[in-house]
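Coordinate inspection notes
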Amino acid sequence: MSITNFTDLLREARLQPDAQRLLFVFTRAELPDNPTAEQRARFEQGEGGVLTPALCVDKALEELSDMAALVAESQETGIEWDIVFVGALSGRGGEAPSAEQAEAQLNRMVESLKMGNVEQYLALDRQGEAVQIG
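These lines cover the structure that appears in this document, whether it is placed above or below.

Here we take up the overall build of the protein chain. A tally of helices and strands in the protein chain yields 4 helices and 4 strands. Radius of gyration (C-alpha) of the protein chain: 16 Å, near the 14 Å computed for a compact globule of 134 residues. Its C-alpha atoms give the protein chain principal-axis dimensions of about 55 × 30 × 25 Å. Burial status across the protein chain gives 34% buried among its 134 residues. The contacts in the protein chain between residues at least 6 apart in sequence include a share of 73% that link residues at least 24 apart. Carbon and sulfur atoms form 46% of the exposed surface of the protein chain, whose accessible area is close to 8,100 Å². Counting 11 positive and 23 negative side-chain charges, the protein chain places the centres of these two groups 1 Å from one another.

With that settled, the discussion passes to the side chain of Asp58. By secondary structure assignment, the location of Asp58 is in strand β2 (residues 50-60). Among the polar contacts listed, one links the side chain of Asp58 to the side chain of Arg21, at a separation of 2.6 Å. Asp58 has contacts with Arg21, Leu22, Leu23, Glu63, Ala102 and Leu106, leaving out every residue within four places of it along the chain.

Phe6, Leu22 and Phe24 are the most contacted members of the largest nonpolar core, which totals 17 residues. Put simply, the parts of the chain that give this core at least two residues each are α1 (6-15), β1 (20-30), α3 (67-75), β3 (83-90) and β4 (122-124). The contact partners of Phe24, leaving out residues within four places of it in the chain, are Phe6, Leu55, Cys56, Val57, Lys59, Leu64, Leu70, Val84, Phe85, Val86 and Leu106.

Here the focus is the sheet that holds β2. Reading across the sheet, the 4 strands line up as β2-β1-β3-β4 and stay open at both edges, with antiparallel pairing between neighbours. Here the strands that pair on one side only, and so sit at the sheet edges, are β2 and β4. Neighbour-to-neighbour, the strand axes of this sheet turn through a mean angle of 25 degrees, independent of strand direction. When β3 meets β4, the two strands line up antiparallel, connected through 3 bridges. Residue pairing for β4: Phe85 is matched across the bridge by Ala123.

Locating Ala29 in the fold gives a position in strand β1. Judged by its relative accessible area of 27%, Ala29 falls in the partly exposed class. Each C-alpha atom, one on Ala29 and one on Gly91, is 32 Å from the other, the two residues being 62 residues apart in sequence. Leaving out residues up to four positions away in the same chain, Ala29 has contacts with Phe43, Val50, Leu51 and Asp82.

What counts as what
- Residues numbered from 1 in each chain as written.
- Predicted model: local features only at pLDDT ≥ 70, side-chain atom pairs only at ≥ 80, totals over all residues.
- Heavy atoms only, no water.
- Helix = DSSP H or I, 4+ residues; strand = E, 2+ residues; numbered from the N terminus.
- Rg over C-alpha atoms; globule rule 2.2 N^0.38 Å.
- Buried < 20%, exposed > 50% of the residue type's maximum accessible area, 1.4 Å probe, protein only.
- Contact = heavy atoms within 4.5 Å.
- Areas by Shrake-Rupley, 256 points an atom, 1.4 Å probe, with all protein chains shown as cover.
- Lys, Arg positive; Asp, Glu negative; His and termini not counted.
- Charge placed at Lys NZ, Arg CZ, Asp CG, Glu CD.
- Polar contact = N/O pair within 3.5 Å; in protein donor to acceptor, adjacent residues only side chain to side chain.
- Core = buried A, V, L, I, M, F, W, Y, C linked by side-chain atoms within 4.5 Å.
- Pairing = 2+ DSSP bridges.
- Axes fitted to C-alpha atoms, helices over the stretch in contact; angles between N-to-C directions.

Take a look at the structure:
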């Protein structure tokens, strides 16, 4: 199955045999350090820039209903974001992943995204639609 939106993601995660925690890294588009005039112009038109991690959280599937609820919850933090990257952490033997496992994986995910490694994660816009980065 191809995941094209947040609803597809939740459906697929719920079909997995082991308990899942979804990992979210919310990023915002920013100008790179020392941008060229072309980079600045593209950014001002809503294109280009770099995605900088701004907020991260892990959620059990039962804590998630739809993208609108996730966006509303993120707005409570006061932190603006443009694209959210999603990863999944699988439990083992019927056990859900621990909070420590989720935190460690979120930290690895943030570092990976800072290095520009985005292809291994699902990227969603604020409407919950999958987007291609790069």
